Amino acid sequence: SRNAYLSADELALARRLNGILREAAARLAAGEGAGALAAGRAAIEAAGFGPIDYLDAVDAQTMGAPSPGRASRLVAAVRLGSVRLLDNMPIEARSA
């Protein structure tokens, strides 16, 4: 696990990434689109992470652009110190 390379303070910060992604995924599911991604990037930066390599919504099977009616995921790669953290989260479909 990449967590072995983090200091105690970095590990505490790294654990916040999942919550930030959960919030962004919920906003994407609610239909906020690009605004949800922008808010997610802003939250990652405000939390104190380093550069964001990517934060994107993708098709869960192909990793390409999401398609209506297909499962999607929010994927992220961010830097914290010398470590590149990777995480992903399902974007739950809204019920009608």
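Residues numbered from 1 in each chain as written. Predicted model: local features only at pLDDT ≥ 70, side-chain atom pairs only at ≥ 80, totals over all residues. Heavy atoms only, no water.

1. Points about the environment of Gly48
Within the secondary structure layout, Gly48 lies in the loop between α3 (34-47) and β1 (52-59). Its relative accessible area of 45% is what places Gly48 among the partly exposed residues. Residues Gly48 and Glu10, 38 residues apart in the sequence, show an inter-C-alpha distance of 9.6 Å. Apart from the residues lying within four places of it in its own chain, the contact partners of Gly48 are Leu13 and Leu80. (Helix = DSSP H or I, 4+ residues; strand = E, 2+ residues; numbered from the N terminus. Buried < 20%, exposed > 50% of the residue type's maximum accessible area, 1.4 Å probe, protein only. Contact = heavy atoms within 4.5 Å.)

2. Section: the side chain of Ser72
Structurally, Ser72 can be placed in strand β2 (residues 72-80). Setting aside its immediate chain neighbours within four residues, Ser72 contacts Val58, Ala60, Pro66, Pro90 and Ile91.

3. Some words on the environment of Ala36
Looking at the element boundaries, Ala36 is found in helix α3. Ala36 sits in the buried class, given a relative accessible area of 0%. The spacing of Ala36 and Ala25 is eleven residues in sequence and 7.7 Å in space, taken between C-alpha atoms. Among residues more than four places away in sequence, those in contact with Ala36 are Ala24, Arg27 and Leu28.

4. Thoughts on the pairing of β2
Among the nine residues that make up β2, seven are buried, leaving the element largely enclosed by the rest of the structure. Across seven bridges, the pairing between β1 and β2 is antiparallel. By the bridge assignment, Ile52 is partnered in β2 with Val78. Pairing between β2 and strand β3 (residues 83-91): nine bridges, direction antiparallel. Bridged to Arg79 within β3 is Arg84. What sits between the antiparallel neighbours β2 and β3 is a turn of two residues, in which Gly81 has the positive phi angle 65 degrees. (Pairing = 2+ DSSP bridges.)

5. Quick word on the packing of helix α2 (residues 16-29) against α3
Two elements in contact, α2 and α3, have axes whose closest approach is 9 Å; the angle formed by their N-to-C orientations is 165 degrees. For the element pair α2 / α3, the angle class is roughly antiparallel. Between α2 and α3 the crossing geometry is right-handed. Contacts from Arg16, Leu17, Ile20, Ala24, Arg27 and Leu28 of α2 reach α3 at Ala36, Leu37, Ala39, Gly40, Ala43, Ile44 and Ala47. Looking at side-chain class alone, the contact of α2 with α3 contains ten nonpolar, one polar and two charged residues. (Axes fitted to C-alpha atoms, helices over the stretch in contact; angles between N-to-C directions. Parallel < 35°, antiparallel > 145°, perpendicular 65-115°, else oblique. Left-handed = near helix turned anticlockwise from the far one by under 90°. Nonpolar A, V, L, I, M, F, W, Y, C, P; charged D, E, K, R; others polar.)

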